[in-house]
Amino acid sequence: MSANAWDIVEASFEAGAQGADHLPPDTIPEVAFAGRSNVGKSSLMNALMGRRNLVRTSGTPGCTRQISFFGTRARDGAELRMIDLPGYGYAKRSKGERDAWAELIEHYLLRRESLRAVVVLVDVRRGVEAEEQQLLDFLGTRNEPRPATIIVATKVDKIPKSRRRAAIDTISRGTRIIGVSAVDFEGIPEVWAAIRRVSAPAGEQPLRPA
Ligand SMILES: Nc1nc2c(ncn2[C@@H]2O[C@H](COP(=O)(O)OP(=O)(O)OP(=O)(O)O)[C@@H](O)[C@H]2O)c(=O)[nH]1
Ligand SMILES: [Mg+2]
């Protein structure tokens, strides 16, 4: 099966924003990918979009220096934007401590009307640590409409197949965590299904047909 056989038929880079005044119009359902540097955000997005190198990946932590917007269209015509967020600390800080960069990301996560879901990535070998819990708590402070959160454990190919289930169960502790690999594409259809499920407003058609 090719990487995008299940759904996305078109994907392209739309915009890069380094300030709140550079955000594209807030008109299409969006899903953002958040997590610490090097966890595999850009790689997961490429796997979901079935594109090897559309989103820039790197072995150098912190390489992504802007909020990147990718437009996608699914086989059924539904449009969805995928947003690559750079890793950063999500702790509540005073105005003075918070740099312009963190302020932009917080602004995006708390204010973006079309933001339907945030995929929070954790390394399967580390699980949800303080940073990720802070992010989840931070998202919980948002007023309606509050985006859904989907927790994903990355790089499961680093664990032998026979031990993956147990490894994911260990870090899950009651919450649903989807194990994924951008190398062998494990879990990619499940993440896509979860995104599609939560991207529709209650009682409406999933996403907006083109
Ligand atoms: N084995 C394995 N390596 C992965 C996987 N996903 C990402 N990587 C590697 O991990 C490194 C970081 O991946 P990225 O996708 O660039 O991570 P990122 O979270 O976007 O990093 P920043 O943009 O710096 O925040 C790269 O060397 C990837 O090849 C995976 O599922 N399995
Ligand atoms: Mg990246």
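Counting restarts for each chain: residues are numbered from 1 in the order of the written sequence. Here every chain gets a letter starting at A, and every ligand a number starting at 1, in the order they are written. Selection of residues for local features in this predicted model requires a pLDDT of at least 70, selection of side-chain atom pairs for listing and counting requires 80 or more, and totals for whole chains, interfaces and linings are taken over all residues. Each side-chain value is worked out from all heavy atoms of the structure, with water and hydrogens disregarded.

Quick word on the packing of aromatic side chains
Consideration 1: Between rings of Phe, Tyr and Trp, where Trp is taken as its six-membered ring, a pair exists when centres lie within 6.5 Å; planes separated by under 30 degrees are stacked, by over 60 edge-to-face, and by other angles tilted. One pass over the full model with this rule turns up two aromatic pairs.
Consideration 2: Centre to centre, the rings of Phe 13 and Phe 70 are 5.5 Å apart; their planes meet at 70°, and the pair counts as edge-to-face. One end of the pair, Phe 13, is in strand S1 (residues 8-17); the other, Phe 70, is in strand S3 (residues 67-74), with 57 residues separating them in the sequence.
Consideration 3: Categorising residues by exposure relies on relative accessible area from a 1.4 Å probe, with only protein chains included: less than 20% of the type maximum marks a residue as buried, more than 50% marks it as exposed, and the intermediate range marks it as partly exposed. Given a relative accessible area of 45%, Phe 13 falls into the partly exposed group.
Consideration 4: With a centroid separation of 6.1 Å and 80° between ring planes, the pair formed by Phe 69 and Tyr 108 is classed as edge-to-face. Secondary structure counts use DSSP, requiring at least four H or I residues in a row for a helix and at least two E residues in a row for a strand, with both numbered from the N terminus.

A few points about the pattern of salt bridges
Consideration 1: Put simply, a salt bridge is a Lys or Arg side-chain nitrogen that is within 4 Å of an Asp or Glu carboxyl oxygen. Tallied over the full model, the rule gives 13 salt bridges.
Consideration 2: With its nearest N and O atoms 2.8 Å apart, the salt bridge here joins Arg 112 to Glu 30. Here Arg 112 is found in the loop between helix H2 (100-111) and strand S5 (115-123), whereas its partner Glu 30 is found in strand S2 (residues 30-34), with 82 residues between them in sequence.
Consideration 3: Taking relative accessible area as the criterion, Arg 112 reaches 6% and is therefore assigned buried.
Consideration 4: With a relative accessible area of 0%, Glu 30 lands in the buried category.
Consideration 5: As a salt-bridge pair, Arg 165 and Asp 169 come within 3.2 Å of each other at their nearest N and O atoms. Within this pair, Arg 165 and its partner Asp 169 are both found in helix H4 (residues 161-172), separated by four residues, close to a single helical turn.
Consideration 6: Within this structure, Glu 14, Asp 26, Glu 30, Arg 81 and Arg 112 form a network of salt bridges that share partners.

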